[in-house]
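Here is what each chain is made of, one letter per residue.
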There are 2 protein chains.
Amino acid sequence: MTVAVALCLFALTAHAQDADRLVANALTKPTAYETLSWLTDEIGPRPSGSANAALAVEWATQQYRSWGIDVRTEKVVVPHWVRGDERGSLVSHHDQKIVLTALGGSIATTPAGITADVIEVSSYDELKQLGTKVRGKIVYYNNAMDLDLVKAHRAFEAYSRAVIYRATGASRAAEYGAVAAVIRSVASASLRTPHTGAMRYDPKQPKIPAAAMTTEDADLVHRLLARGDRVRMHLVLTPKLLPDVESANVVAEIRGSEKPDEIVLIGGHLDSWDLGTGAIDDGSGVAMVMDAMRLIKESGLRPKRTIRAVLFMNEENGLNGGRAYFAAHRNEKHVAAIETDAGAAAPTGFTTTLKGDALDALIARTNVLDRLGAHKFESAGETGADTSFLIENGVAGFSLVPEPLRYFDYHHTPADTLDKVDAKELQQDTAAILALAWVVAN
Amino acid sequence: MTVAVALCLFALTAHAQDADRLVANALTKPTAYETLSWLTDEIGPRPSGSANAALAVEWATQQYRSWGIDVRTEKVVVPHWVRGDERGSLVSHHDQKIVLTALGGSIATTPAGITADVIEVSSYDELKQLGTKVRGKIVYYNNAMDLDLVKAHRAFEAYSRAVIYRATGASRAAEYGAVAAVIRSVASASLRTPHTGAMRYDPKQPKIPAAAMTTEDADLVHRLLARGDRVRMHLVLTPKLLPDVESANVVAEIRGSEKPDEIVLIGGHLDSWDLGTGAIDDGSGVAMVMDAMRLIKESGLRPKRTIRAVLFMNEENGLNGGRAYFAAHRNEKHVAAIETDAGAAAPTGFTTTLKGDALDALIARTNVLDRLGAHKFESAGETGADTSFLIENGVAGFSLVPEPLRYFDYHHTPADTLDKVDAKELQQDTAAILALAWVVAN
């Protein structure tokens, strides 16, 4: 054995021991949960542009400072969309109430609302076939999540398929003269629970209001139409798009001892939707990232490369935080970008843009994830929204994969609250992020 | 064997065969679900005094007539309480939204609402100890359903224990000078789902507004108070109590062939709360009772005793239907009163006021319930609200017991909708009601 090899093995062993120690420490106390609890209970919902989002920036910055971690805010200009009244009823059926919520970014109806016949489609093909028959009507996209996929632990795949109509359904319907679009909430469970989420307008089409009905209401409208009833809906949505607001990403870092210019990024997003308190989306990610940094700092260990924690602003309705970060830091050398924005259930592993030998080499060096049940790496084309700009430019991407079974029961709903998070599982997630970042940084 | 005994055995056998045939017929098609579907989808919520409640009376009457069944309406004067705005927020915590609903019968706050400190109690003993410390405050009753009891299939027991604070908490708090009362929703599951329900004022105390928070919001307020925070809540409730309305019970009957003056009553309630469409509470009971009558009529069989189906009005907030029925019919001979108001999950059996030999004799004659999994009889002091006036006067009472595990996930919430009902299970319930009524009537 040469001296060089011996030193190398020693270094590997030492780093493995450090990772073990960091993980062991991470699991001793529910500190991430305490952080999450403050964010969700004391601040609450924090949609982009809101006073609460500004409070969250200030609070996160102060927390890092109190832990002795270098931190700065970096300017992000964000949209400021504010929910208003939202009411639906079936005037054709004794004014029966329809529970719905405006999609993020939707324009308003008139204050008195609109009333129109509802026409149901389940695909863009069907919409195209109907063509101008939808003119003057409310187009209802009845696209359920595939619950078999959810049960097969592939909830994000089921989400991706259904969410298309939320994102682009309004403009597609407007193309044929529809006066509004309503979707079936993209949900894996419901107690008359509406799911909001971002939509975007095609600049070539007229803008029409867009909302999501609960699955119960979606089923009701479907049954009535299937029975041959004429269904007329009254819809009132009064959201407002206020002037853009100057907000910020919160960027903290622990400088590398040997290669400080090489960066391992860990990130989640600080903004949330407005209906719940954003505990799973993405308060949990914020708490994991912040607590991972605190744990490293507290350990006294220094990584070889810089570990940088980014709390992105405006993931939900614009990605302006991810875009601003990329614009400011694209010329720095990012070794990896590890994003966590998939809830706080027990960790199962990571998706990654790595493949083949590079992935195998990493897997061989991350046995520390075994004890967390988080050692499953799956290659994927995308590993997160905020870091997508880095990934598209060749940075190795990773995304934490907590067990996804119940994520879409709560996602983008009023029920996204602290009680949905298990403190122990959140701490395991934190340890998984910490362990992966540590290994990659060394 | 004497001729009399032989005839008697023949008669028993014939009736057993009839019961078997009725049950077999009942299970062939999901007809009760079709009835329920119309009631909940086409009419929807039907709180006492509402236009929809009047529509439901009219519709049920017409349905019976279309089946060739004798039917009449019997006058019931009911309260007409109408929900208004209902909003809560924590002004002490960045105006964080609290999801809540007014309890049925609550008075309003001023239109602008009230703002006061929240003080938490978990029992009337604790309230008493606090005494005048609650003056000027909002008293928060944090009394969770015992979920272990729910899991042990004793959900109604868990409900009974927790619901006390909903029923009488406002007046008890008012006695010590509270300005409002909020309870934790009486719930076995929640996706930020508020549970309403009746409350009543003690005429000796000042009336104060009363609402139910979702379990998520109840947990939030509890955590904040436990942390030592001062919690100030803004509460807006604008319900109105309008003048009483003349409504009706719907009474249908199939006259007995031998003892027409002896009555076997089967009943559910036609009114519902306003938040959902009252599918499980008690549209299902209505559908079972109506479909049982239709099935008997269609069979061409005549029971020896009269089977009378009563769709009671105003079970939820007054019991005026039950009271009016009793006042009008107390001098008739009721052999049994079979109530169904516990949801539409698969039947397990009945509670009954019968005991000892009388119960044993009935059990021996109801083997037809075996095939429905509904042959468990349990003695109980109470077997239903609408029929309680009859039971208190010595009539044998029965209450259908569907599996109760999920009942309080939906009860009194916006999520009490048709999709929570399984058509096959509802038909089994219908068959169970039909079979028991048939056996008792013969």
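Analysis parameters
One numbering rule holds for all chains: residues counted from 1, following each sequence as written. Chains and ligands are labelled sequentially in the order written, the chains with letters from A and the ligands with numbers from 1. Predicted model: local features are reported for residues with pLDDT of at least 70 only, side-chain atom pairs are reported and counted for 80 or more only, and whole-chain, interface and lining totals are derived from all residues. Note: side-chain values were computed over all heavy atoms of the structure, leaving out hydrogens and water. Helix and strand definitions here come from DSSP, where helices need a minimum of 4 consecutive H or I residues and strands a minimum of 2 consecutive E residues; each element is numbered from the N-terminal end. The buried label applies to any residue whose accessible area, calculated with a 1.4 Å probe on protein chains only, is under 20% of its type's maximum; exposed applies above 50%, and partly exposed to all values in between. Residues are treated as being in contact if the distance between any of their heavy atoms lies within 4.5 Å. We treat Lys and Arg as the positive residues and Asp and Glu as the negative residues; His and chain ends play no part in the count. The atom standing in for a charge is NZ when the residue is Lys, CZ when it is Arg, CG when it is Asp and CD when it is Glu. When two parts are put together, the accessible area they lose, computed with a 1.4 Å probe and summed over both, is reported as buried area. Here, a salt bridge means any side-chain nitrogen of Lys or Arg that lies within 4 Å of a carboxyl oxygen of Asp or Glu. N or O atoms closer than or at 3.5 Å make up a polar contact, with two conditions inside protein: a donor-capable atom paired with an acceptor-capable one, and, for residues adjacent in sequence, both atoms drawn from side chains. At least two bridges found by DSSP between two strands is the condition for calling them paired. Only C-alpha atoms enter the line fits that serve as axes; for helices the fit covers just the stretch in contact. Angles between N-to-C directions range over 0 to 180 degrees. Only residues with pLDDT of at least 70 in both copies contribute their C-alpha atoms to the least-squares superposition of the copies. Only the six-membered ring of Trp is used, alongside the rings of Phe and Tyr, when aromatic pairs are assigned; centres must lie within 6.5 Å, and planes under 30 degrees apart are stacked while those over 60 apart are edge-to-face, with the rest tilted. A ring has a charge above it when a Lys NZ or an Arg CZ is no more than 6 Å from the ring centre and no more than 35 degrees off the ring normal. Working definition of a nonpolar core: buried Ala, Val, Leu, Ile, Met, Phe, Trp, Tyr and Cys residues. They are joined through side-chain atoms within 4.5 Å. As a per-residue measure, pLDDT reflects the predictor's confidence and takes values from 0 up to 100. Seen with its strands pointing away from the viewer, a crossover is right-handed when the path leading from the first strand over the helix to the second is clockwise. To sort the angles, those under 35 degrees are grouped as roughly parallel, those over 145 as roughly antiparallel, those from 65 to 115 as roughly perpendicular, and the leftovers as oblique. What makes a crossing left-handed is the near helix being turned counterclockwise from the far one by less than a right angle; a clockwise turn instead makes it right-handed. Note on residue categories: nonpolar means Ala, Val, Leu, Ile, Met, Phe, Trp, Tyr, Cys or Pro, charged means Asp, Glu, Lys or Arg, and polar means any other residue, Gly included. One less than the residue count of a helix, multiplied by 1.5 Å, gives the span that helix is expected to have.

Participant: How do you make sense of the overall build of chain A when you look at a structure like this?
Facilitator: Helix and strand content of chain A: 13 helices and 16 strands. In terms of principal-axis extent, the alpha carbons of chain A reach across some 85 × 40 × 40 Å. Counting across all 442 residues of chain A, residues that qualify as buried make up 61%. Of the contacts formed within chain A by residues at least 6 apart in sequence, a portion of 83% connects residues at least 24 apart. Computed over 46 positive and 55 negative side-chain charges, the inter-centroid distance for chain A is 3 Å.

Participant: Got a minute to help me understand the interface of chain B and chain A in this structure?
Facilitator: Frequently, the measure chosen for interface size is the accessible area removed from exposure when the parts meet. In this assembly, 36 residues from chain B lie in contact with 36 residues from chain A. Counting the surface lost from both chain B and chain A, the interface buries some 2600 Å², and carbon and sulfur atoms represent 50% of this. Here Asp41(B) ties to Arg223(A) by a salt bridge, and the two come within 2.7 Å at their closest N and O atoms. Inspection of the region where chain B meets chain A yields 18 residue pairs in polar contact (both at pLDDT 80 or more).

Participant: It is not clear to me how the sheet that holds strand β6 (residues 138–141) of chain B should be interpreted in this structure. Could you clarify?
Facilitator: Hydrogen bonds along the backbone pair up the strands of a sheet, which may run parallel or antiparallel. Residue and element names in this part refer to chain B. Judged by pairing direction, the sheet is mixed, and its eight strands sit side by side in the order β3-β2-β9-β5-β6-β7-β8-β4 without closing on themselves. Among the strands making up the open sheet, the edge pair consists of β3 (96–98) and β4 (100–102). Taking each pair of neighbouring strands and ignoring which way they run, the sheet shows an average axis angle of 35°. Pairing between β6 and strand β7 (residues 180–184): four bridges, direction parallel. Across the sheet, the residue bridging to Tyr-140 is Val-182, located in β7. Seen against the sheet, helix α6 (residues 155–174) touches β6, β7 and β8 (210–213) and runs at an angle of roughly 150° to β6. Seen against the sheet, helix α7 (residues 215–226) touches β2 (86–90), β3, β5 (114–121), β6, β7, β8 and β9 (232–237) and runs at an angle of roughly 130° to β3.

Participant: It is not clear to me how the side chain of Lys420(B) should be interpreted in this structure. Could you clarify?
Facilitator: Looking at the element boundaries, Lys420(B) is found in the loop between α12 (407–410) and α13 (423–441). Within the local environment of Lys420(B), its side chain forms a polar contact with the backbone oxygen of Ala415(B), the two atoms lying 2.9 Å apart. When near neighbours in sequence (up to four residues on either side) are disregarded, Lys420(B) contacts Ser190(A), Glu216(A), Ile280(B), Tyr410(B) and Ala415(B).

Participant: Mind showing me how you'd approach the relation of the copies chain B and chain A here?
Facilitator: Copies of the same chain, two in number, are related to each other by a rotation about an axis and a translation along it. Of the transformation placing chain B onto chain A, the axial shift is 0.0 Å and the rotation is 180°, giving an RMSD of 0.0 Å. In the structure described here, the two chain copies are related by an operation that fits a two-fold rotation axis. Residues of chain B ranked by C-alpha distance from the rotation axis are headed by Leu191(B), positioned 3.0 Å from it. In this assembly, 100% of the residues forming the interface of chain B have copies in chain A that are likewise at the interface, indicating an isologous arrangement.

Participant: Just checking my understanding: could you explain the sheet that holds strand β4 (residues 100–102) of chain A for this structure?
Facilitator: Residues and elements named next belong to chain A. As summarised here, the arrangement of the eight strands in space is β3-β2-β9-β5-β6-β7-β8-β4, forming an open sheet in which the pairing is mixed. The two strands at the open ends of the sheet, each matched to only one other strand, are β3 (96–98) and β4. On average, each strand axis in the sheet is tilted by 35° relative to the strand beside it, whichever way the strands run. Sheet topology note: the strand β7 (residues 180–184)/strand β8 (residues 210–213) ladder contains four bridges and is parallel.

Participant: Which parts of the structure should I look at to understand the environment of Val139(A)?
Facilitator: Residue and element names in this part refer to chain A. Among the structural elements, Val-139 can be located in strand β6 (residues 138–141). Residue classification places Val-139 among the buried positions, given a relative accessible area of 0%. Measuring from C-alpha to C-alpha, the distance between Val-139 and Glu-74 comes to 41 Å, with 65 residues separating the pair along the chain. Here Val-139 is in contact with Ile-119, Val-121, Leu-127, Val-134, Ala-173, Ala-178, Ala-180, Ala-181 and Val-182, once residues within four sequence places are set aside.

Participant: Looking at this structure, I do not really get the packing of aromatic side chains. What am I missing?
Facilitator: The way to describe two aromatic rings as a pair is by their centre distance and the angle between their planes. Residues and elements named next belong to chain A. Applying the stated criterion across every chain yields a total of 26 aromatic pairs over all chains. For the pair Phe-312 and Tyr-325, a centre-to-centre distance of 6.0 Å together with 80° between the ring planes defines the contact as edge-to-face. Highlighted residues: Phe-312 in strand β12 (residues 305–312) and Tyr-325 in helix α9 (residues 320–329), separated in sequence by 13 residues. Exposure class is identical for Phe-312 and Tyr-325. Each is buried. Between Tyr-407 and Phe-408, the ring centres sit 5.0 Å apart and the planes meet at 85°, which makes this aromatic pair edge-to-face. The exposure class of Tyr-407 is buried, given its relative accessible area of 6%. Residue Phe-408 is classed as buried on the basis of its relative accessible area, which comes to 1%. Members of the aromatic cluster, joined through ring pairs, are Phe-156, Tyr-159, Tyr-407 and Phe-408. The residue whose ring lies beneath Arg-172 is Tyr-124, and the NZ or CZ to ring-centre distance is 4.0 Å.

Participant: How should I be thinking about the pairing of β8(A) in this particular structure?
Facilitator: As a general feature of sheets, a regular strand has side chains that alternate between the two faces. Residue and element names in this part refer to chain A. Residue alternation in β8 divides its side chains into two sets, Ala-210 and Ala-212 and Ala-211 and Met-213, and both sets are buried. Direction of pairing for β4 relative to β8: antiparallel, over a ladder of three bridges. When the bridges of β8 are listed, Thr-101 appears paired with Ala-212.

Participant: Sorry, what's going on with the nonpolar core here?
Facilitator: Among soluble globular proteins, nonpolar side chains are generally buried collectively. Within the largest apolar cluster, 211 residues are counted, with the highest numbers of intra-cluster contacts made by Tyr64(A) and Tyr64(B). If we skip the residues at most four places from it in the chain, Tyr64(A) touches Ile69(A), Val71(A), Val250(A), Ala252(A), Val289(A), Met290(A), Met293(A), Ala309(A) and Leu311(A).

Participant: For this particular structure, what's the right way to read the side chain of Asp229(A)?
Facilitator: Note on placement: Asp229(A) falls in the loop between α7 (215–226) and β9 (232–237). One buried charge, Asp229(A), has no salt-bridge partner; the nearest side chain with opposite charge is Arg227(A), at 4.6 Å. A polar contact is formed between the side chain of Asp229(A) and the side chain of His93(A), at a distance of 2.7 Å. Apart from the residues lying within four places of it in its own chain, the contact partners of Asp229(A) are His93(A), Leu224(A) and Glu42(B).

Participant: What am I meant to see in the confidence of the model for chain A here?
Facilitator: Fine structural detail should not be taken from predicted coordinates in areas where pLDDT scores are low. Here chain A averages 96 in pLDDT, while 97% of its residues score no lower than 70. As a predicted assembly, this complex carries a pTM of 0.95 together with an ipTM value of 0.95.

Participant: Explain the environment of Val186(A) to me, please; I cannot follow it from the model alone.
Facilitator: Residues and elements named next belong to chain A. Relative to the helices and strands, Val-186 resides in the loop between β7 and β8. Taking the C-alpha atoms as reference points, Val-186 and Gly-283, separated by 97 residues in sequence, lie 20 Å from one another. Beyond its immediate chain neighbours, meaning those up to four positions away, Val-186 contacts Met-145, Tyr-159, Ala-162, Val-163, His-195 and Phe-408.

Participant: What is the right way to read the pattern of salt bridges from this model?
Facilitator: Pairs can form between side chains of opposite charge once their charged atoms are near each other. Residue and element names in this part refer to chain B. Applying the stated criterion across every chain yields a total of 48 salt bridges over all chains. Linking Glu-74 and Arg-72 is a salt bridge whose minimum nitrogen-to-oxygen distance equals 2.7 Å. Between Arg-154 and Glu-157 there is a salt bridge; the shortest N-O distance is 2.8 Å. Relative accessible area serves as the criterion here: at 39%, Arg-154 is assigned to the partly exposed category. By relative accessible area, Glu-157 is classed as partly exposed at 32%.

Participant: What should I look at first to understand the pairing of strand β15 (residues 376–379) of chain A in this one?
Facilitator: All names here are of chain A. One ladder, built from four bridges, connects strand β14 (residues 347–352) with β15; its direction is parallel. Bridging from a neighbouring strand, Thr-352 pairs with Ser-379 of β15. Between the parallel elements β14 and β15, the chain passes through helix α10 (residues 356–364) in a crossover that is right-handed.

Participant: Would you mind showing me how to read the packing of helix α3 (residues 51–66) of chain A against helix α8 (residues 279–299) of chain A here?
Facilitator: What describes two packed helices is the angle between their axes and the distance between those same axes. All names here are of chain A. Between α3 and α8, the least distance of the axes is 10 Å, while the angle of their chain directions is 15°. By the criterion of interaxial angle, the relationship of α3 to α8 is roughly parallel. Like other packed secondary-structure pairs, α3 and α8 cross with a definite hand, here right-handed. Contacts between α3 and α8 involve Trp-59, Ala-60, Gln-63 and Tyr-64 on the former and, on the latter, Val-289, Met-290 and Met-293. When its residues are assigned to classes, the contact of α3 with α8 shows six nonpolar, one polar and no charged.

Participant: Just checking my understanding: could you explain helix α13 (residues 423–441) of chain A for this structure?
Facilitator: Each α-helix winds once per 3.6 residues, and so residues spaced three or four apart point in a common direction. Residues and elements named next belong to chain A. Under the 1.5 Å per step criterion, the end-to-end length of α13 is 27 Å for 19 residues, consistent within 8% with the ideal 27 Å. With 15 of 19 residues buried, α13 is to be regarded as a mostly interior element. Capping of α13 at its N-terminal end is provided by Asp-422; its side-chain oxygen lies 3.0 Å from the backbone amide nitrogen of Lys-424.

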